[in-house]
Amino acid sequence: ADLGYDDPGVPIKFLQDIESVVSNYGGTVLHKRKRNDGNRSYKGYRNMIAVLSRNNRFISIEPDTSPIRVIENCRAVISMPFTSTAILGRHFGKPSIYYDPIGVLQKDDRGAHGIPILNGMDELRSWISELGLEKRASST
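Residues numbered from 1 in each chain as written. Predicted model: local features only at pLDDT ≥ 70, side-chain atom pairs only at ≥ 80, totals over all residues. Heavy atoms only, no water.

1. A word on the sheet that holds strand S4 (residues 96-100)
Point 1. Read across the sheet, 3 strands follow the order S3-S4-S5 without closing on themselves; strand pairing throughout is parallel. The sheet is open, and its two edges are formed by strand S3 (77-79) and strand S5 (117-119), each paired on a single side. Within the sheet, the average angular offset between the axes of one strand and its neighbour, ignoring direction, is 35°.
Point 2. Where S3 and S4 come together, 3 bridges link them in parallel fashion. (Pairing = 2+ DSSP bridges. Helix = DSSP H or I, 4+ residues; strand = E, 2+ residues; numbered from the N terminus. Axes fitted to C-alpha atoms, helices over the stretch in contact; angles between N-to-C directions.)

2. As for helix H1 (residues 9-24)
Point 1. For H1, which comprises 16 residues, the first-to-last C-alpha distance of 22 Å matches the rise-based estimate of 22 Å (1.5 Å per residue) to within 8%.
Point 2. The set of residues buried in H1 consists of Val10, Ile12, Phe14, Leu15, Asp17, Ile18, Glu19, Val21, Val22 and Ser23.
Point 3. The elements touched by buried residues of H1 are strand S1 (29-32), helix H2 (43-53), strand S2 (58-61), S3, S4 and helix H5 (120-130).
Point 4. A positive phi of about 75° marks Gly26, the residue just after H1. (Expected span 1.5 Å × (residues − 1). Buried < 20%, exposed > 50% of the residue type's maximum accessible area, 1.4 Å probe, protein only. Contact = heavy atoms within 4.5 Å.)

3. Regarding the nonpolar core
Point 1. Ranked by internal contacts, the top residues of the largest apolar core, which has 22 residues, are Leu15, Ile18, Met48, Tyr99, Leu124 and Ile128.
Point 2. Of all elements in the fold, only H1, H2, S4 and H5 reach the threshold of two or more residues within this core.
Point 3. Sort the elements by how many residues they give to this core and H1 lands first, with 7 residues.
Point 4. Membership of the second largest hydrophobic core comes to 6 residues, among which are Ala86, Tyr98, Leu105 and Ala112. (Core = buried A, V, L, I, M, F, W, Y, C linked by side-chain atoms within 4.5 Å.)

4. Observations concerning unusual backbone geometry
Point 1. Cis geometry is adopted by the peptide bond preceding Phe82, which originates at Pro81 and carries an omega value of -10°.
Point 2. Among the secondary structure elements, Phe82 is positioned in the loop between S3 and helix H4 (85-91).
Point 3. The phi angle at His113 is positive, at roughly 50°, despite the residue not being glycine.

Written out as structure tokens, the structure reads:
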């Protein structure tokens, strides 16, 4: 069934949500790109990565970098459903989740292999806060 994950806006929302929540807690996002698509990837996605990368709390990692090496140096793993990085994170003892930014996945989806599925920013905020990061003071 079409759940909306073919919409190019979904990976953009995925990264924007994560960057927003993690930066609010003073953390850094390491974004390991899956492949080097050059100009074939959605222009809005490429532009968003470029904008986020201007912030020193968002680091885009080259696709040829080993995901194991990245995971070993992270505090937690947030994956797009249903990529293997969440399973690798769990294997290495890192807190791991699938983040569904559009809230269409069921919590008990077999594709998750027992990895929690978080739907929406409220659940993501709650999970990030449980990691023990200090929330930054808000200026609003």
